[in-house]
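Below are the chains, spelled out letter by letter.
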Amino acid sequence: MGCFISDYTSTDSVLTSPRQLLLPDTFAVLGENGTFRTPSQLFNPTSNTPPFFQVFDESFLSLLPGSKTFVKQIAVNTSFGFAFEAPIFNAATNELFFSSVLGPPESSFTHNNRISKINMTLVEGALASGANNINIPFETLTLPDTVQITNGGTGPFRGSLLLATRGRGNLPSAVVLLNPKAPFNATVLIDNFFGRQFNSMDDIKIHPSGKIFFTDPSFGFLIMQKPAPQLPNQVYSLDPDTRLVRVVADQLQLPNGIAFNTNGKIAFVTDTGLFGPQFNVNTTGTSTIYAYDVDPETLMFNNRHVFAYVDAGIPDGIQVDTQDNVYAATADGVQIFNKKGVLIGKVFVGSNVANMAFAGPDMLLILANTSIFAASIKAKSNIIVS
């Protein structure tokens with residue numbers, strides 16, 4: 001039978017956060033007089049104040065560092081959505097890079113979004129001090145015009161940040177290498193499919209083979225940032241040396257996040273058909289993480305099957321740790337699934353999260369639009385870095 005784990009108190013300098021144990025048998029039957037939630041309501045049956053951890057399977061406890069467990073806001077700016085997508089941890093400088101919100105007015109037909117960075121040394125010091133109110137400043141970069149509405153990010157790849165840009169107006173979507181140091185110069189790897197513009201590149205990852213993979217939905221058109229799409233919504237591979245680009249998966253409504261398991265034999269792609277024109281919500285649309293077998297020779301995606309369906313909003317950006325747990329950014333925070341697709345826990349922040357990234361081992365950074373949260377997770381990213 002489920003129970004609630006109360007708030008911890010600790011003599012350690014890092015403040016702790018509550019863990020809420022919610023085993024499935026405690027809410028499996030609500031009854032004829034039960035209170036059922038609507039799709040826009042978040043699942044928080046005990047009305048705990050975010051942020052906190054929800055535990056749906058006791059195996060999730062192995063990812064939480066006992067009395068040192070915490071989830072805390074580390075940066076906030078309510079003037080605009082500064083922290084939304086493309087999180088990349090650059091260990092060489094101990095900095096996290098990220099892009100601002102992808103919708104208007106920040107990102108539009110006529111306005112580019114912004115890339116910023118935050119100093120993790122300052123974050124680590126503030127957390128170690130036990131400060132209650134942390135707000136580490138972030139620095140916004142000055143970028144070349146070839147970087148237009150950054151949506152996806154990974155790496156570093158060969159020393160550079162690897163970006164998937166949406167483009168805007170007639171400025172094309174592109175895969176871009178960005179120098180993480182001033183003057184932040186950029187190199188475009190590809191901006192067309194045999195002469196045709198991509199729709200609006202979304203997420204991007206590096207396969208263990210060294211090939212680059214990215215999703216290309218039509219979000220830019222849906223929110224009037226780009227002209228009508230010229231291609232189906234698909235997933236592509238890119239050889240960074242020859243620049244050969246290939247379609248590896250299709251028949252998706254709105255492919256969004258992408259990731260691989262640790263050995264590269266399984267690909268995960270989120271399909272977010274929940275959204276329609278102008279982002280009107282269709283609650284019967286897909287909000288699903290699909291898994292594919294990756295062909296060892298061609299790297300094509302085969303044998304698609306459902307890995308998981310999220311209960312809050314959409315699975316936006318996804319990340320995988322070295323134990324092959326899958327982390328999905330959703331409308332209530334970060335949902336964590338084991339390698340079998342079972343929801344084992346959530347970092348519940350009570351608001352929409354578009355993406356997250358590990359900043360070294362045991363630290364998950366969560367982009368929540370006008371805030372960044374840090375959560376203690378005993379795991380390490382499996383992202384390929386070169």
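Residues numbered from 1 in each chain as written. Predicted model: local features only at pLDDT ≥ 70, side-chain atom pairs only at ≥ 80, totals over all residues. Heavy atoms only, no water.

A. Structural context of the packing of aromatic side chains. Within this structure, the stated rule accounts for 23 aromatic pairs. Between the aromatic rings of F193 and F194, the centroid separation amounts to 5.0 Å while the plane-to-plane angle is 85 degrees, which identifies the pairing as edge-to-face. The rings of F193, F194, F198, F214 and Y236 are connected pair by pair, giving a single aromatic cluster. Between R114 and the ring centre of F80, over which it is positioned, the NZ or CZ distance is 3.9 Å. (Phe/Tyr/Trp six-rings, centres within 6.5 Å; stacked < 30°, edge-to-face > 60°. Lys NZ or Arg CZ within 6 Å of the ring centre and 35° of its normal.)

B. Region of the structure containing the pairing of strand 16 (residues 255–260). In terms of burial, strand 16 is largely enclosed, as 6 of its 6 residues are buried. Judged from the 4 bridges that link them, strand 16 and strand 17 (residues 266–271) form a sheet pairing that is antiparallel. Looking at the pairing, F260 lines up with A267 of strand 17. In textbook terms, the turn of a hairpin is the stretch between consecutive antiparallel strands, and for strand 16 and strand 17 this stretch comprises 5 residues, one of which, G264, has a positive phi near 80 degrees. (Buried < 20%, exposed > 50% of the residue type's maximum accessible area, 1.4 Å probe, protein only. Helix = DSSP H or I, 4+ residues; strand = E, 2+ residues; numbered from the N terminus. Pairing = 2+ DSSP bridges.)

C. Focus on the sheet that holds strand 5 (residues 95–99). One open sheet holds the 4 strands; their spatial order is 4-5-6-7, and the pairing between them is antiparallel. Each end of this open sheet is capped by a strand with a single partner; those strands are strand 4 (85–90) and strand 7 (138–140). Here the average twist between neighbouring strands, direction ignored, is 25 degrees. As paired elements, strand 4 and strand 5 share 4 bridges and run antiparallel to each other. (Axes fitted to C-alpha atoms, helices over the stretch in contact; angles between N-to-C directions.)

D. Main features of the environment of F89. Within the element layout of this structure, F89 appears in strand 4. Between the C-alpha atom of F89 and that of D216, which follows or precedes it by 127 residues, the distance is 23 Å. In this structure F89 touches N94, E95, L96, M120, G155, P156, F358, A359 and G360, once residues within four positions along its chain are discounted. (Contact = heavy atoms within 4.5 Å.)

E. Quick look at the side chain of D321. By secondary structure assignment, the location of D321 is in the loop between strand 20 (318–320) and strand 21 (326–330). Within the buried set, D321 has no salt-bridge partner at all; the shortest N-O distance to an opposite charge, 9.6 Å, is to K339. In this view, D321 contacts T262, Y327, F358, A379, K380, S381 and N382; residues no more than four positions away in its chain are not counted. (Lys, Arg positive; Asp, Glu negative; His and termini not counted. Salt bridge = Lys/Arg side-chain N within 4 Å of Asp/Glu carboxyl O.)

F. View of helix 1 (residues 120–129). Restricting attention to buried positions, one finds in helix 1 the residues M120, V123, A126 and L127. Angularly, the buried residues of helix 1 cover 120 degrees about the axis, an arc narrow enough to put them on a single face. As for helix 1, its buried residues are in contact with strand 3 (71–76), strand 4, strand 5, strand 6 (115–119), strand 25 (363–367) and strand 26 (371–376). N-capping of helix 1 is provided by N119, with a side-chain oxygen placed 2.8 Å from the backbone N of T121. (Arc of directions from axis to C-beta. Polar contact = N/O pair within 3.5 Å; in protein donor to acceptor, adjacent residues only side chain to side chain.)

G. Structural detail: the pattern of salt bridges. Evaluation of the coordinates by the stated rule reveals 9 salt bridges. With a closest N to O distance of 4.0 Å, K117 and E139 form a salt bridge. Here K117, found in strand 6, pairs with E139, found in strand 7; they are 22 residues apart in sequence, far enough to count as distant. When its relative accessible area of 43% is taken as the criterion, E139 is described as partly exposed. The partner of K346 in a salt bridge is D332, with the nearest N and O atoms 2.7 Å apart. Of this pair, K346 sits in strand 23 (residues 343–348) while D332 sits in the loop between strand 21 and strand 22 (333–337), placing them 14 residues apart in sequence.

H. Focus on the pairing of strand 17. A large share of strand 17 lies buried, amounting to 5 of its 6 residues. Where strand 17 meets strand 18 (residues 288–294), 6 bridges bridge the pair, whose relative direction is antiparallel. Bridge assignment links F268 to a residue of strand 18, and that residue is A291.

I. Representation of the sheet that holds strand 22 in the model. On the basis of which strands lie adjacent, the open sheet formed by 6 strands has the order 1-2-23-22-21-20 and mixed pairing. Edge positions in the sheet fall to strand 1 (19–21) and strand 20, since each has one partner strand and no second. Ignoring which end each strand starts from, the neighbouring axes of this sheet average 20 degrees apart. Pairing of strand 2 (residues 52–55) with strand 23 involves 4 bridges; the strand directions are antiparallel. Residue F52 lies in a different strand from strand 23, and its bridge partner there is F348.

J. Inspection of the nonpolar core at higher detail. By size, the foremost hydrophobic cluster in this structure holds 25 residues, and its most contacted members are Y327, V334, V347, L364, I366 and I377. Listed by contribution, the elements that provide at least two residues to this core are strand 2, strand 21, strand 22, strand 23, strand 24 (355–358), strand 25 and strand 26. Residue contacts for V347: discarding those within four places in its chain leaves F52, F53, V71, D332, G333, V334, I336, I366, A375 and I377. The next biggest cluster of nonpolar side chains, apart from the first, holds 23 residues, and it includes F80, F89, A357 and L367. (Core = buried A, V, L, I, M, F, W, Y, C linked by side-chain atoms within 4.5 Å.)

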